[in-house]
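Residue-level structure breakdown
The chain contents come next:
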Amino acid sequence: MTVTQRYRWLWKPLVFVAALTPALLMLAGAFGIAGRRLGADPVEALLLTCGKTALNLLCLTLTVTPLSKLARLPQLLRLRRMLGLFAFFYALLHFTVYLVLDRGLDGAMIVADVAKRPYITLGFVALLLLLPLAATSTQRMMRRLGRRWQSLHRLVYPIAILAVWHYYWQVKRDVTEPLIYAGIVALLLGWRLWHRRRRTPVTSTYGSATAPERT
């Protein structure tokens with residue numbers, strides 16, 4: 001089996017299953033399958049799980065490029081697109097749970113929330129910025145946009161910052177976990193800044209959340 005075949009038929013399916021597992025576990029908890037439960041506050045459990053999973057996948061996506069370069073494994077870039085799209089999926093699910101289950105699509109309540117809780121605005125902006133990345137994460141769109149594609153997909157950097165900021169403002173007491181995420185994102189973005197200053201060619205492997213794989 002060649003390296004390309006190994007990533008296509010082994011590693012990509014494994015990453016797909018791993019990324020989908022949190023959604024399957026939430027679904028099992030919602031319907032009480034295999035004795036699973038979402039706890040005393042199921043909506044809060046869904047919000048937290050979706051949000052943290054989106055943030056975890058976003059961090060993993062940003063990790064792919066430095067890891068592939070440091071470990072000299074360019075094949076890892078084949079996994080980046082899937083991770084980025086799953087990050088968008090969980091972010092969208094997080095927002096949907098908030099709108100439908102938490103606020104029951106009550107416009108007045110949502111407007112009041114946005115005015116009272118600015119972290120909701122930060123999260124919504126991050127989701128809006130993810131939309132064009134997900135929509136242009138195909139080889140066809142990459143060819144169509146040309147050089148503009150890379151500039152567009154660098155939006156992943158402010159998206160990561162907004163996502164961590166959203167989480168930090170949401171936490172009311174212990175901010176240890178948001179600060180850990182902030183440190184991870186700072187390290188990943190700092191590596192890119194250092195790497196860029198070295199004037200090493202970076203082409204399209206520079207860290208997009210939804211960059212399409214190369215064949």
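Residues numbered from 1 in each chain as written. Predicted model: local features only at pLDDT ≥ 70, side-chain atom pairs only at ≥ 80, totals over all residues. Heavy atoms only, no water.

Re unusual backbone geometry
This is how it is decided: Accessibility here uses a 1.4 Å probe with only protein chains present; expressed as a share of the type maximum, an area under 20% marks a residue as buried, one over 50% as exposed, and anything in between as partly exposed. Runs of H or I in DSSP of at least four residues are treated as helices and runs of E of at least two as strands, each being numbered from the N terminus.
Notably, Arg72 is not glycine yet its phi reads approximately 55°, a positive angle. The class of Arg72 is exposed, set by a relative accessible area of 74%. For Leu105, which is not glycine, the phi dihedral falls at a positive 55°. Assignment of secondary structure puts Leu105 in the loop between helix H3 (80-102) and helix H4 (107-116). Using a relative accessible area of 59% as the deciding quantity, one classes Leu105 as exposed.

Observations regarding the confidence of the model for the protein
Which entries qualify depends on this criterion: Confidence per residue, as judged by the predictor, is encoded in pLDDT with a range of 0 to 100. Working rule for contacts: check all heavy atoms of both residues, and any pair within 4.5 Å makes them a contact.
Looking at the protein as a whole, the pLDDT averages 88, with 92% of positions reaching at least 70. Confidence over residues 201-207 falls short of pLDDT 50; this stretch has 28 contacts with residues more than four positions distant or in other chains.

Thoughts on the packing of helix H1 (residues 3-30) against helix H2 (residues 42-70)
To keep it simple, the criterion reads: In this analysis, axes come from line fits to C-alpha atoms, helices being fitted only over the stretch in contact, and the angle between any two N-to-C directions falls in the range 0 to 180 degrees. In this scheme, roughly parallel covers angles under 35 degrees and roughly antiparallel covers those over 145, while 65 to 115 is roughly perpendicular and the rest are oblique. Three categories are distinguished: nonpolar for Ala, Val, Leu, Ile, Met, Phe, Trp, Tyr, Cys and Pro, charged for Asp, Glu, Lys and Arg, and polar for the others, with Gly belonging to the last.
Interaxial distance between H1 and H2 falls to 11 Å at its minimum, and their mutual angle equals 180°. On the basis of their axis angle, the class for H1 and H2 is roughly antiparallel. On H2, the residues touching Ala19, Pro22 and Met26 of H1 are Leu46, Thr49, Cys50, Thr53 and Leu57. Its residues placed into classes, the contact of H1 with H2 shows six nonpolar, two polar and no charged.

Details of the environment of Thr49
Checked against the element boundaries, Thr49 lands in helix H2. What makes Thr49 partly exposed here is its relative accessible area of 30%. With 45 residues separating them along the chain, Thr49 and His94 place their C-alpha atoms 8.2 Å apart.

Focus: the side chain of Asp113
Relative to the elements of secondary structure, Asp113 occurs in helix H4. Residue Asp113 is classed as buried on the basis of its relative accessible area, which comes to 6%. If we ignore the near neighbours within four places in the chain, the residues touching Asp113 are Tyr98, Arg103 and Ile120.

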